Amino acid sequence: MPHLTLTQHLHSQVETEGAPGSNYEAMLSALPNHDCRYAVYDHDFTTHDGRRTSKLYFISWMPNNSTRHNKMAYSEMKRKVATRFTGTFDIQAQDEADLLLGMHIITKNDVEESDDEFEDDF
């Protein structure tokens, strides 16, 4: 089970399940840009000293395009849903950069600051 996305309406249900061997791009493509989801992702990787290992992540996906109501509902139910997945690392993400930072695939130095609207035009 490389990834599993869950939708939360009146109850939790599995929306998609990733194929064995799929990567984080496949999991990311299963997450909508306009609505919240929970996801469980089994991230296989090689450490800096050459060992194969994996980490299991519980992801709260709350993109900026989702409604405030959905964000509040998913935030409220997170603890209840997350208790079903013990031993996971918790990530709350609004976009791909948040997800990759949480999984330590990239560092903050790799992320380009995109606050152009707040920069002075001198």
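Before going into details, it helps to say that this report is about the structure given with it. (Residues numbered from 1 in each chain as written. Predicted model: local features only at pLDDT ≥ 70, side-chain atom pairs only at ≥ 80, totals over all residues. Heavy atoms only, no water.)

### Here's the deal with the overall build of the chain
Helix and strand content of the chain: three helices and five strands. For the chain, the α and β elements follow one another from N to C terminus as β-β-α-β-β-α-β-α. Sorting the 122 residues of the chain into buried and exposed places 31% on the buried side. As presented, the chain carries roughly 8,300 Å² of accessible surface, and 48% of it is formed by carbon and sulfur atoms. (Helix = DSSP H or I, 4+ residues; strand = E, 2+ residues; numbered from the N terminus. Buried < 20%, exposed > 50% of the residue type's maximum accessible area, 1.4 Å probe, protein only. Areas by Shrake-Rupley, 256 points an atom, 1.4 Å probe, with all protein chains shown as cover.)

### Some remarks on the environment of Asn-64
For Asn-64, the location among the structural elements is in the loop between β4 (52–61) and α2 (68–82). Exposure remark for Asn-64: the relative accessible area of 52% places this residue in the exposed category. The spatial distance from the C-alpha of Asn-64 to the C-alpha of Ala-93 is 9.7 Å, given a sequence separation of 29 residues. In this structure, Asn-64 is in contact with Lys-71 and Gln-94, ignoring residues within four places of it in sequence. (Contact = heavy atoms within 4.5 Å.)

### Let's talk about unusual backbone geometry
In the Ramachandran plot, His-104 falls in the positive-phi region, its phi being about 60 degrees despite a non-glycine side chain. Summarising the element assignment, His-104 is placed in the segment after α3 (96–102).

### Overview of the side chain of Ser-60
Along the chain, Ser-60 turns up in strand β4. Classification of Ser-60 by relative accessible area gives buried; the value is 0%. Leave out the neighbours within four places in its chain, and Ser-60 touches Arg-37, Tyr-38, Lys-78, Ile-91, Gln-92 and Ala-93.

### Some words on the environment of Leu-31
Position of Leu-31 relative to the elements: it lies in the loop between α1 (24–29) and β3 (37–46). Through-space distance from the C-alpha of Leu-31 to that of Met-62 is 9.7 Å; in sequence the pair is 31 residues apart.

### Thoughts on the nonpolar core
Counting residues in each nonpolar core, the largest one holds 14 residues, and the members touching the most others are Met-27, Tyr-41, Ile-59, Ile-91, Leu-99 and Met-103. Of all the secondary-structure elements, those providing two or more residues to this core are α1, β3, β4, β5 (89–93) and α3. Contacts of Ile-91, omitting those with residues within four sequence positions, involve Tyr-57, Phe-58, Ile-59, Ser-60, Asp-98, Leu-99, Gly-102 and Met-103. Tyr-38, Phe-58, Met-62 and Tyr-74 belong to the second-largest nonpolar core, a separate cluster that totals seven residues. (Core = buried A, V, L, I, M, F, W, Y, C linked by side-chain atoms within 4.5 Å.)

### Looking at the environment of Glu-96
Summarising the element assignment, Glu-96 is placed in helix α3. When its relative accessible area of 39% is taken as the criterion, Glu-96 is described as partly exposed. Sequence-wise, Glu-96 and Glu-25 are 71 residues apart; in three dimensions their C-alpha atoms are separated by 9.5 Å. Look past the residues within four positions of Glu-96 in its chain and what remains in contact with it is Tyr-24, Leu-28 and Trp-61.

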